[in-house]
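Topology and contacts: notes
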There are 6 protein chains.
Amino acid sequence: MNPELFGFLMDRLFADGALDVYWIPVYMKKNRPGTMLQVLCKEDIKTTVIDRILSETTTLGVRYYSARRRLLWRDQLDVETRFGTIPVKRVKDPQGRIRHVPEYEVCRKIALENNLPLRLVYDTVAKEAAKKMTNDEC
Amino acid sequence: MNPELFGFLMDRLFADGALDVYWIPVYMKKNRPGTMLQVLCKEDIKTTVIDRILSETTTLGVRYYSARRRLLWRDQLDVETRFGTIPVKRVKDPQGRIRHVPEYEVCRKIALENNLPLRLVYDTVAKEAAKKMTNDEC
Amino acid sequence: MNPELFGFLMDRLFADGALDVYWIPVYMKKNRPGTMLQVLCKEDIKTTVIDRILSETTTLGVRYYSARRRLLWRDQLDVETRFGTIPVKRVKDPQGRIRHVPEYEVCRKIALENNLPLRLVYDTVAKEAAKKMTNDEC
Amino acid sequence: MNPELFGFLMDRLFADGALDVYWIPVYMKKNRPGTMLQVLCKEDIKTTVIDRILSETTTLGVRYYSARRRLLWRDQLDVETRFGTIPVKRVKDPQGRIRHVPEYEVCRKIALENNLPLRLVYDTVAKEAAKKMTNDEC
Amino acid sequence: MNPELFGFLMDRLFADGALDVYWIPVYMKKNRPGTMLQVLCKEDIKTTVIDRILSETTTLGVRYYSARRRLLWRDQLDVETRFGTIPVKRVKDPQGRIRHVPEYEVCRKIALENNLPLRLVYDTVAKEAAKKMTNDEC
Amino acid sequence: MNPELFGFLMDRLFADGALDVYWIPVYMKKNRPGTMLQVLCKEDIKTTVIDRILSETTTLGVRYYSARRRLLWRDQLDVETRFGTIPVKRVKDPQGRIRHVPEYEVCRKIALENNLPLRLVYDTVAKEAAKKMTNDEC
């Protein structure tokens, strides 16, 4: 399959409700470099997802099996930072420690507008969020 | 395992009746680049496939689990083209659209004999097949 | 480096004038999966590109060397198709054969608006372009 | 996630009792190169393994499913070789053929001390082990 | 590019005189999994190789640069083994140590005809070759 | 080549003075998954590095070419943290911004001894180092 089609398929699968989509490079018969598509979705959209793959790709078949997931507790807050108000995800690890994950798309926009490295914006926001939240609530 | 052994193993697994065989590059402990072998086969040759892997490779064990598949409807026809009669697979996607997939090995031979890009032979045959079949039957 | 930063870096490098940007998965010391960044650019923006990489990533150094390129002749035309006017690249291969490459972003939009597989839009436009151009000019 | 953290996580997972740990390079959304972690473990340490992953990485969730394994029979013997006594694993393939796998860490030490290629030490020990064991017991 | 075309291209490039051909999985813009083709060839067939790539693939350009090589001394001998006469490559490493590399295609045929693991045929031939040659000449 | 040999080779190449060593998964002819080794070293140990590769691996030849590097300015300081004195690298990016990179092996030991996620130790040390250094000197 033409690699240009993959990006489109990924967008459509996320729009269909897929929880995760990624490609894995594989080696196939007859010296063909291949790409294995893996999609994680809830049971109730399984048919939609399989239909999408069979329509958009050149594959002749789709394999599927059940898996379970364990997810960390998380919520989202707005935090005041030097760059303005930023949505920050709070994630609680199995020992109850909280870490703060700034919203990617917002940091991306700030980095572009201020001509700053994204890494720097990220770290600054995460640090300010951690400080603020410790004072505010814990 | 010596990489030269992989091609041989793949041939043998297909001869044993495997539906699909591919390698995935993985990173293992102690800084070892590894190769994960995945084989898809029907339940009834599972033992043959596992025996083959355990005989041909240096692995000490094989993991397996059940998966289900959904396959597109397909059949095969012979189509007259400017390059002669070519077997062409007809595949029906979930919306009922037909696409035509020329037989790889035949196109390969034609490309070699006529010193043409394989891509060109493929596209030409697929186009002629689509045209012909539309006239003939649909 | 956090994988979220890669997409941003890629956008910035293309905006800086890079001709090509891609990642290669590599295995590094101490069992670390790594990502090697390769950028192709003209000599005159070399410093900008290196600065960008050293600012946006956590790498401590950048390697570079000269390479030459051979490019196929190509131009772009607007072609009337059943989906409207589409920009199509004409590419001439070393034997002088022309192939037609529809503009990705336009096909993408059409596929979304008409709820059609991108593959189908692509093939249809390429076929119509090839037909039209043959009649018009060659 | 920072690639430096992967090596540490791997060590910890093996210390927790994991049977196998490896990384697979994957392509994620938004042009992010990712790394998929796969761990094989017995049912009884599943919670420990999932906790470890959720604590050491930045992932928000872990997927898991059951698989079965078939293992080759094996034991370990000490073999006298020109390099001293070396632990050698005996592995029996499905046809009952025995092969001899010298202990990696011991061969590694010998190669370093004698400034010899590891490949040479390995092959020599395997060959001597095969010869010795044939004479001794089979 | 369709992955089916890669195997064909590889065959053609070797027939053109390429010394080495391989694919590297890469991540490209717009979430496209790509495949980078690398070919090693002598200066005098450079144009043929570039033409071949530009004809058989959908790429618009090819990059090239000079590299040097250091090769080990090697020759080839016929060796009598329990499986008949086998061509065996002798390779001399930088310290002057000889190793023996049986011809892959011949071992492959023997393994198939005798229904033996290729690994076993390989190791047996290499061992017999090493023994024989030591007696004969060194 | 047996993947177990790669880790050993990497250790030896770093001991020989290589600046960087990594593997790239590649697809080779005859359906063989391969591993391309890339080593970066100064001109003066080129022969040592090539000899090492030709001795430790089964390759028959090594390719090499010249490249240049641009490195960021960096030095190393000892920083007092809640975990004791830690060596921290200071790196200056092209815009003159300083970032702090704690020494991996020391953080690793602390994480193990205190049963803490390595990620947490890393981030804490980097944050304390940044704070301390700002007060002390800038």
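This one's a predicted model, so the numbers in the text were calculated from it and none came from an experiment. (Residues numbered from 1 in each chain as written. Chains lettered and ligands numbered in written order. Predicted model: local features only at pLDDT ≥ 70, side-chain atom pairs only at ≥ 80, totals over all residues. Heavy atoms only, no water.)

Another point: the interface of chain E and chain C. Each partner contributes residues to the interface: chain E has 23 residues there, and chain C has 26 residues. Note on chain E versus chain C: buried area summed over both sides is about 2100 Å², and carbon and sulfur give 58% of it. Three residues stand out in chain E for area buried against chain C, namely E:Y27, E:L60 and E:R63, and they jointly supply 32% of the buried area on that side. Where chain E packs against chain C, one counts two salt bridges. (Contact = heavy atoms within 4.5 Å. Buried area = accessible area lost by both parts, 1.4 Å probe. Salt bridge = Lys/Arg side-chain N within 4 Å of Asp/Glu carboxyl O.)

Right, let's talk about a nonpolar patch on the surface for a bit. A surface patch of nonpolar side chains, about 270 Å² in accessible area, is lined by A:Y65, B:Y65 and D:Y65. Assignment of secondary structure puts D:Y65 in the loop between β3 (61–64) and β4 (68–71). A relative accessible area of 34% places D:Y65 in the partly exposed class. (Patch = residues over 30% accessible without salt bridge, like charges linked within 9 Å, V, L, I, M, F, W, Y side chains within 5 Å. Areas by Shrake-Rupley, 256 points an atom, 1.4 Å probe, with all protein chains shown as cover. Helix = DSSP H or I, 4+ residues; strand = E, 2+ residues; numbered from the N terminus. Buried < 20%, exposed > 50% of the residue type's maximum accessible area, 1.4 Å probe, protein only.)

When chain E is fitted onto chain C, the two copies agree to an RMSD of 0.0 Å after a turn of 120° and an axial shift of 0.0 Å. What the superposition gives is, in effect, a three-fold axis relating one chain to the other. Mapped onto chain C, only 13% of the interface residues of chain E again fall at the interface, so the copies present different surfaces. (Least-squares fit on C-alpha atoms with pLDDT ≥ 70 in both.)

This brings us to the side chain of B:R90. Inspection of the secondary structure puts B:R90 in strand β6 (residues 84–92). Looking at B:R90, its side chain comes within polar contact range of the side chain of B:D75, at 2.7 Å. (Polar contact = N/O pair within 3.5 Å; in protein donor to acceptor, adjacent residues only side chain to side chain.)

Another aspect to go through is the interface of chain A and chain B. With 23 residues of chain A at the interface, the matching set in chain B holds 26 residues. Interface area lost by chain A to chain B is led by A:Y27, A:L60 and A:R63, which between them contribute 33%. At the boundary of chain A with chain B, the tally comes to two salt bridges. A:D51 is the partner of B:R70 in a salt bridge, and the nearest nitrogen-oxygen pair spans 2.5 Å. Inspection of the region where chain A meets chain B yields nine residue pairs in polar contact (both at pLDDT 80 or more). Elements with a minimum of two residues in the side of chain A that touches chain B: β1 (20–28), β2 (32–40), α2 (46–56) and β3 (61–64) of chain A.

Here we come to the relation of the copies chain A and chain B. With an RMSD of 0.0 Å, chain A superimposes on chain B once it is rotated by 120° and translated 0.0 Å along the axis. The overlap is low: 13% of the interface residues of chain A also sit at the interface in chain B, so different surfaces are used on the two sides.

Right, let's get into the packing of aromatic side chains. Throughout the structure, instances matching the rule amount to 15 aromatic pairs over all chains. Summarising the aromatic geometry, the rings of A:F6 and A:W23 are spaced 4.6 Å apart at their centres and angled 75° between planes, so their arrangement reads as edge-to-face. Here A:F6 is found in helix α1 (residues 4–16), whereas its partner A:W23 is found in strand β1, with 17 residues between them in sequence. Residue class for A:F6 comes out buried when judged on its relative accessible area of 7%. Cluster of aromatic residues (ring-pair linked, three or more members): A:Y65, B:Y65 and D:Y65. It is A:K29 that lies over the ring of B:F14; its NZ or CZ is 5.2 Å from the centre. (Phe/Tyr/Trp six-rings, centres within 6.5 Å; stacked < 30°, edge-to-face > 60°. Lys NZ or Arg CZ within 6 Å of the ring centre and 35° of its normal.)

When pLDDT is low, close inspection of the predicted coordinates is not appropriate. For chain A, the mean per-residue pLDDT works out to 92, and 96% of the residues sit at or above 70. Predicted confidence in chain A is weakest over helix α4 (residues 118–136) of chain A, with a mean pLDDT of 84, and strongest over α2(A), with 97. (pLDDT = per-residue confidence, 0-100.)

This paragraph deals with a positive patch on the surface. Taken together, A:K42, A:R69, A:R74 and D:R63 make up a surface patch of like positive charges. Relative to the elements of secondary structure, A:R74 occurs in strand β5 (residues 73–81). (Lys, Arg positive; Asp, Glu negative; His and termini not counted. Charge placed at Lys NZ, Arg CZ, Asp CG, Glu CD.)

Let us look at the environment of A:D93. Residue and element names in this part refer to chain A. You can see D93 is positioned in the loop between β6 (84–92) and β7 (98–102). Residue D93 is classed as buried on the basis of its relative accessible area of 7%. The spatial distance from the C-alpha of D93 to the C-alpha of L72 is 6.4 Å, given a sequence separation of 21 residues.

All names here are of chain A. Read from one edge to the other, the open sheet built from three strands follows the order β5-β6-β7, with strand pairing classed as antiparallel. Every other strand in the sheet has two partners, leaving β5 and β7 as the edge strands with one partner each. Averaged over neighbouring strand pairs, the angle between their axes works out to 35° when direction is ignored. With five bridges connecting them, β6 and β7 associate as antiparallel partners. In the strand pairing of β7, V91 is matched with R99. (Pairing = 2+ DSSP bridges. Axes fitted to C-alpha atoms, helices over the stretch in contact; angles between N-to-C directions.)

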